[in-house]
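# Breakdown of the fold
As a plain string of letters, each chain reads:
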Number of protein chains: 2
Amino acid sequence: MQVYLAGPEVFFADAEAVIGRKRELAARYGFTPAVWEPEGWPQDKYEVGLFISAANETMMRQSDLIIANMTPFRGLSTDVGTAYEIGFMCALGRPAFGYSNDGRHYGERAAAEYYHAALVLAPDGMQRAGDGQMVEEHSMADNLMLDGGIAARGGFVVRPAPGIVLPAEDLSQFETCLAAARSGRVAGAR
Amino acid sequence: MQVYLAGPEVFFADAEAVIGRKRELAARYGFTPAVWEPEGWPQDKYEVGLFISAANETMMRQSDLIIANMTPFRGLSTDVGTAYEIGFMCALGRPAFGYSNDGRHYGERAAAEYYHAALVLAPDGMQRAGDGQMVEEHSMADNLMLDGGIAARGGFVVRPAPGIVLPAEDLSQFETCLAAARSGRVAGAR
């Protein structure tokens, strides 16, 4: 089983080390991580972007499942490249799993880290912020398209206990996700 | 031609008005916007999330193309639900177009709004922030998977001139995108 490991680790200061550890762990659980050995980089930086995008899409098509790191990256939500990749694999009908080191629901994070104020239940039944914007509340780790798409492919999003936020380098949730994906056991779906 | 209009407008305080204006504009350019008339809402809020996710995926499968609002939402990047949807439609091979009201590259936004400091060109040739993290620079509106995926389907991301940031309610970039998608003209790809 080839697994596509999606996540923002390529941007980390210790990218190579973290990615290496994740690949080792995936192998320990019986998965073959998709790996790309790039050759012939383009010169132009826009073309480099297209080159990496095409390579990642090829790897996704060749992979049997995706395990996505949905830990919020530079803000409230999943890295958007990772979100694209979850959608891509879901459209292909491949099993999809996610994990986050952040045990809060999206709305809890939005209140604490973006609005810096409690959200209110508005007369229309929606949870709203001070600026009038609606903040979705579905007891999900992130936007309903991500959690919903993963659930519809038989997967789930592994998270620590409610309210707990683990450091970025902690791989316990990833490992739980690997073990569950390996055994086909559906647990901790919310 | 049925168009799936992706974007974070459902969260806006004036969601209904904005979505209505976007649908009218799409129709003026000859597109039929995908619309959902929900019936039989579930009671449980998690189930509601799954219900909306499934309905959006059905609408995407029924649509001929996607036009995505990639204007940063509650942070540096495209709304993650929208990013999922771009990936979903790209995997289905449907034409994809994006627009953003923010004329800056992702890296320029990250420097200005997240790191609050200039990025540096590190000895390894990467653009890095003070925390050592790499910040991608491909002259793209957002993460390379989004811009790259759209470009690979013949689309492009419409943006205002470099550095210009238009208000959230401005629909000029959306209209440019509709006109270009309508005529099949590829312009302003960067």
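Now for a quick tour of the structure. (Residues numbered from 1 in each chain as written. Chains lettered and ligands numbered in written order. Predicted model: local features only at pLDDT ≥ 70, side-chain atom pairs only at ≥ 80, totals over all residues. Heavy atoms only, no water.)

## Here we look at the sheet that holds strand E2 (residues 32-33) of chain A
Residue and element names in this part refer to chain A. To keep things clear, this is the line we draw: Two strands are counted as paired when DSSP detects at least two bridges linking them. Numbering of helices and strands runs from the N terminus, with a helix taken as a DSSP run of H or I at least four residues long and a strand as a DSSP run of E at least two residues long. Contacts are residue-level and defined by heavy atoms, with any inter-residue pair within 4.5 Å sufficient. With axes taken as lines fitted to C-alpha atoms, and helix axes fitted only over the stretch in contact, angles between N-to-C directions fall between 0 and 180 degrees.
Read from one edge of the open sheet, 5 strands run E2-E1-E3-E4-E7, paired in parallel fashion. The open sheet is flanked by E2 and strand E7 (157-158), the only strands paired with a single partner. The sheet contact formed by strand E4 (residues 96-99) and E7 spans 2 bridges and is parallel. Bridged to Tyr99 within E7 is Val158. Against the sheet, helix H3 (residues 80-91) engages strand E1 (2-6), strand E3 (65-69) and E4, with an angle of about 160° to E3.

## Observations concerning the interface of chain A and chain B
Rule in force here: Summed over both partners, buried area is the accessible surface (1.4 Å probe) that two parts give up on being assembled. Any Lys or Arg side-chain nitrogen located within 4 Å of an Asp or Glu carboxyl oxygen qualifies as a salt bridge. Under this definition, polar contacts are N or O atom pairs within 3.5 Å; protein pairs additionally need one hydrogen-donor-capable and one acceptor-capable atom, and for neighbouring residues in sequence, both atoms have to be side-chain atoms.
Contacts between the two partners involve 60 residues from chain A and, on the opposite side, 60 residues from chain B. Counting each side, the surface lost to burial between chain A and chain B is near 4700 Å², with a carbon and sulfur contribution of 61%. Taken together, the links from chain A to chain B amount to 2 salt bridges. Between Arg153 of chain A and Glu57 of chain B there is a salt bridge, and its shortest N-O distance comes to 2.8 Å. Here chain A and chain B share 16 residue pairs in polar contact (both at pLDDT 80 or more) between them. Looking at the side of chain A that touches chain B, the elements that each hand over two or more residues are helix H2 (45-62), H3, helix H4 (106-115) and helix H5 (144-152) of chain A.

## Brief notes about the pairing of strand E1 (residues 2-6) of chain B
Residue and element names in this part refer to chain B. In this sheet, strand E2 (residues 32-33) lies alongside E1 in parallel orientation, the contact comprising 2 bridges. Directly across from Gln2, in E2, lies its bridge partner Thr32. Direction of pairing for E1 relative to strand E3 (residues 65-69): parallel, over a ladder of 4 bridges. Residue pairing in the sheet places Leu5 in a bridge with Ile67 of E3.

## Some points on the side chain of Glu9 of chain A
All names here are of chain A. In this structure, Glu9 sits in the loop between E1 and helix H1 (15-28). Engagement of the side chain of Glu9 in a polar contact is seen with the side chain of Asn69, the distance being 2.8 Å. What Glu9 contacts, discounting residues up to four positions off in sequence, is Ala15, Val18, Ile19, Lys22, Asn69 and Tyr99.

## Thoughts on the pattern of salt bridges
The tally for this structure, following the rule as stated, stands at 12 salt bridges over all chains. The salt bridge involving Lys22 of chain B is made with Glu9 of chain B; its shortest N-O contact spans 2.8 Å. Taken together, the residues Lys22 of chain B in helix H1 (residues 15-28) and Glu9 of chain B in the loop between E1 and H1 connect sequence positions 13 residues apart. Several salt bridges converge on common partners, so that one network encompasses Asp102, Arg104, Arg109 and Glu113 of chain A.

## Some remarks on the relation of the copies chain A and chain B
Note the following rule: A least-squares fit on C-alpha atoms brings the copies together, and the residues used are those whose pLDDT is at least 70 in both copies.
If you rotate chain A by 180° and push it 0.0 Å along the axis, it lands on chain B with an RMSD of 0.0 Å. These values place the two chain copies in the arrangement generated by a two-fold rotation axis. By residue overlap, the copies meet face to face through one surface: 100% of the interface positions of chain A are interface positions in chain B.

## Comments concerning the packing of H1 of chain A against helix H6 (residues 172-183) of chain A
All names here are of chain A. This is how the line gets drawn: Angular relationships are summarised with four words: roughly parallel below 35 degrees, roughly antiparallel beyond 145, roughly perpendicular across 65 to 115, and oblique for the angles in between. When the near helix sits turned anticlockwise from the far one by under a right angle, the crossing is termed left-handed; a clockwise turn instead gives a right-handed crossing.
Where H1 meets H6, the closest approach of the two axes is 10 Å, and the angle between their N-to-C directions is 25°. Judged by the inter-axis angle, H1 sits roughly parallel to H6. Both H1 and H6 take part in a crossing whose hand is right-handed. Touching Lys22, Leu25 and Ala26 of H1 are Phe174, Glu175 and Leu178, all from H6.

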